[in-house]
Amino acid sequence: MRPTKDSVIIILSIITLFSLVAGGYFYLQDENLKKPLTNLAIPLSPALTLSPASPIYDTNGTSDSGMTVNKTGAEVIFEGTISSGPDVNELYKKIVQPYLDYYEDQEKGSLLTLTISENPYPSKTTSPYLGTGIFKNGANEGFVIDKKNGEIDYWVPSCMICTFSESFKTKYPEIVKNFEP
């Protein structure tokens, strides 16, 4: 049995319609991929930015525990309840200040933000906090913050062969000793 002229026209019309719909779909998908992602709204957890005006600092430019105020221009953020928790002074002394000082020596003014947040992963029993540094060139760095026997470990740079300034060596011998032969 031969197909009739009408059935051939119907089949060709259906194929053409399907081709147009599929082509339009893939065209729109491609156009959506080309759009910049600048209009995305990403919800963030509540954060507290520490600055010289924050309650942790006194008017002499040092904190109530004698720590130096951040003079690098980088923003330090403690997310969630960390800013009022028992570890904030130790975090500042062993993580924040060495991190800021190291990157101020290495890449003057390149660090934009350092965020300290609670670790939501199963490793939070040994590493209760996470650190994230964001730099002007778009790079970022993440690291875990360990706590052993009730004490937070010092931050250690991720470089394999590190170069430290004399002031850094003097201020943080606990960190520098990890890189001595």
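Residues numbered from 1 in each chain as written. Predicted model: local features only at pLDDT ≥ 70, side-chain atom pairs only at ≥ 80, totals over all residues. Heavy atoms only, no water.

## Some thoughts on the overall build of the chain
When helices and strands are tallied, the chain shows four helices and seven strands. When the helices and strands of the chain are read in sequence order from the N terminus, they spell out α-β-β-α-β-β-β-β-β-α-α. For the chain, buried positions account for 31% of its 181 residues. Within the chain, residue pairs in contact and separated by at least 24 positions form 50% of the contacts whose partners lie at least 6 positions apart. Total accessible area on the chain stands at roughly 12400 Å², and carbon and sulfur atoms take up 60% of it. (Helix = DSSP H or I, 4+ residues; strand = E, 2+ residues; numbered from the N terminus. Buried < 20%, exposed > 50% of the residue type's maximum accessible area, 1.4 Å probe, protein only. Contact = heavy atoms within 4.5 Å. Areas by Shrake-Rupley, 256 points an atom, 1.4 Å probe, with all protein chains shown as cover.)

## Regarding the state of the cysteines
Taken as a whole, this structure holds one disulfide when the rule is applied. Between Cys159 and Cys162 runs a disulfide, and the two sulfur atoms are separated by 1.5 Å. In this structure the cystine formed by Cys159 and Cys162 twists about its S-S bond by roughly 100 degrees; its chirality is therefore right-handed. Take Cys159: its relative accessible area is 24%, and that puts it in the partly exposed class. Accessibility expressed as a relative area gives 15% for Cys162, which makes it buried. (Disulfide = S-S within 2.5 Å.)

## Let's talk about the nonpolar core
Judged by nonpolar contacts, the single largest core of 28 residues is most densely connected at Leu91, Ile116 and Trp155. Of all the elements in the fold, those that place two or more residues in this core are strand E2 (75–79), helix H2 (88–106), strand E3 (111–118), strand E4 (129–135), strand E5 (140–145) and helix H4 (173–176). The biggest single contributor to this core is H2, with nine residues. In this view, Leu91 contacts Phe78, Ile82, Val96, Ile116, Tyr129, Ile145 and Ile152; residues no more than four positions away in its chain are not counted. (Core = buried A, V, L, I, M, F, W, Y, C linked by side-chain atoms within 4.5 Å.)

## As for H2
Relative to the 27 Å expected for 19 residues at 1.5 Å per residue, H2 spans 25 Å between its end C-alpha atoms, a close match to the ideal helical length. The sharpest bend along H2 comes to roughly 30 degrees, located at Val96, with the proline Pro98 sitting one to four residues further on. The element H2 is largely enclosed, with a buried count of 15 among its 19 residues. (Expected span 1.5 Å × (residues − 1). Bend = angle between axes of the 7 residues up to and from the residue.)

## A few points about the pairing of E2
A regular strand carries its side chains on alternate faces of the sheet. As judged from the four bridges shared by E2 and E3, these two strands associate in the parallel manner. Residue pairing for E3: Glu75 is matched across the bridge by Thr113. Following the chain from E2 across H2 to the adjacent parallel E3, one finds a crossover that is left-handed. (Pairing = 2+ DSSP bridges. Right-handed = clockwise from strand over helix to strand, strands pointing away.)

## With respect to unusual backbone geometry
For Asn149, which is not glycine, the phi torsion reads 50 degrees and is therefore positive. The residue Asn149 is located in the loop between strand E6 (147–148) and strand E7 (151–152) in this model. Overall, the relative accessible area of 83% leaves Asn149 in the exposed class.

## Describing the pairing of E4
In terms of burial, E4 is a largely internal element, five of the seven residues being buried. One ladder, built from six bridges, connects E4 with E5; its direction is antiparallel. Residue Thr132 lies in a different strand from E5, and its bridge partner there is Gly142.

## Quick notes on the environment of Thr126
By secondary structure assignment, the location of Thr126 is in the loop between E3 and E4. For Thr126, a relative accessible area of 47% puts it in the partly exposed group. Spatially, the C-alpha atom of Thr126 lies 9.9 Å from that of Ile152, the residues being 26 residues apart in sequence.

## A closer look at the packing of aromatic side chains
Enumeration according to the criterion identifies 12 aromatic pairs in this entry. The interplanar angle of 75 degrees and the centroid separation of 5.0 Å between the aromatic rings of Tyr99 and Trp155 together place this pair among those described as edge-to-face. Linking Tyr99 in helix H2 with Trp155 in the loop between E7 and helix H3 (166–171), this pair joins segments that are 56 residues apart in sequence. Per residue, the accessibility class of Tyr99 equals that of Trp155, and both read buried. When the ring of Phe164 is compared with that of Phe168, the centres are 5.2 Å apart and the planes differ by 10 degrees; the resulting orientation is stacked. With respect to burial, Phe164 and Phe168 carry one shared label: buried. One aromatic cluster is present, formed by Tyr99, Tyr102, Tyr103, Phe135, Phe143, Trp155, Phe164, Phe168, Tyr172 and Phe179 through successive ring pairs. (Phe/Tyr/Trp six-rings, centres within 6.5 Å; stacked < 30°, edge-to-face > 60°.)

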